[in-house]
Amino acid sequence: MALPDQTEIRATQLAAWQQIMALSEQLLHSAKRQDWDNLDRLHGEREQALEHFFREALIQDLIPIVQQDIKKIRDQDSDIVQMVKNNRDELGAESRRLNLMKNRIKEYLSADK
């Protein structure tokens with residue numbers, strides 16, 4: 001069996017990297033939609049894809065592309081982390097409001113007796 005030539009290796013690596021970038025875009029869109037279950041699933045998929053991708057040495061001309069895209073991924077991930085944090089804060093505030101409302105209802109019902 002013949003070893004794959006550089007062109008085939010490059011095509012395979014490029015396709016794998018494009019898949020990673022597509023997963024990164026999907027992560028960002030899921031965060032914007034507050035689709036946290038999908039975000040978690042996609043994050044796992046991307047982590048596996050990244051781990052697999054970096055097991056092999058990259059074709060030399062792909063290195064600058066990957067380096068540039070990693071900066072984009074880092075920026076997107078930073079945005080996603082901020083969205084998750086904001087959502088967590090909003091949920092905490094909503095939970096406090098609901099507990100306050102629940103306590104007021106209990107007070108109202110107990111005063112009615």
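Sequence order as written defines residue numbering, which begins from 1 separately in each chain. Confidence filtering applies because this is a predicted model: local features only for residues at pLDDT of at least 70, side-chain atom pairs given and counted only at 80 or more, and all residues used for totals across whole chains, interfaces and linings. Side-chain metrics rest on all non-hydrogen atoms present in the structure, leaving aside hydrogens and water.

(A) The arrangement of the overall build of the protein in detail. Here a helix means four or more residues in a row that DSSP labels H or I, a strand means two or more in a row labelled E, and each is numbered from the N terminus. Across its full length, the protein carries three helices and zero strands. In the protein, the succession of helices and strands from N to C terminus is α-α-α. With C-alpha atoms as the basis for the radius of gyration, the globule rule is written as 2.2 Å multiplied by the number of residues raised to the power 0.38. Taking 13 Å as the expected radius of gyration for a compact globule of 113 residues, we find that the protein reaches 23 Å, considerably beyond that expectation. Structurally, the protein occupies a C-alpha span of about 85 × 30 × 20 Å along its principal axes.

(B) Inspection of a nonpolar patch on the surface at higher detail. Taken together, the side chains of Leu98, Met101, Ile105, Tyr108 and Leu109 make up a nonpolar region of the molecular surface, amounting to roughly 540 Å² of accessible area. With respect to the secondary-structure elements, tyrosine 108 resides in helix 3 (residues 63–111). For patches, a residue must show more than 30% relative accessible area and have no salt bridge; joins then use 9 Å for like charges and 5 Å for nonpolar side chains, namely Val, Leu, Ile, Met, Phe, Trp and Tyr. For every accessible area listed, the method is Shrake-Rupley and the probe measures 1.4 Å; residues are considered covered only by the protein chains on display. Any Lys or Arg side-chain nitrogen found within 4 Å of a carboxyl oxygen on Asp or Glu counts as a salt bridge.

(C) Representation of helix 1 (residues 6–32). Counted at 1.5 Å a residue, the expected span for helix 1 with its 27 residues is 39 Å, and the 39 Å between its end C-alpha atoms agrees. Relative accessibility decides the category of a residue: with a 1.4 Å probe and only protein chains considered, values under 20% of the type maximum give buried, values over 50% give exposed, and everything between is partly exposed. Inspection of helix 1 places Gln13, Trp17, Ile20, Met21, Leu23, Ser24, Leu27, Leu28, Ser30 and Ala31 among the buried residues, and these make up the whole buried set. With its phi angle positive at about 60°, glutamine 34 sits one or two positions after the end of helix 1. Every helix has an expected span of 1.5 Å times one less than the residues it contains.

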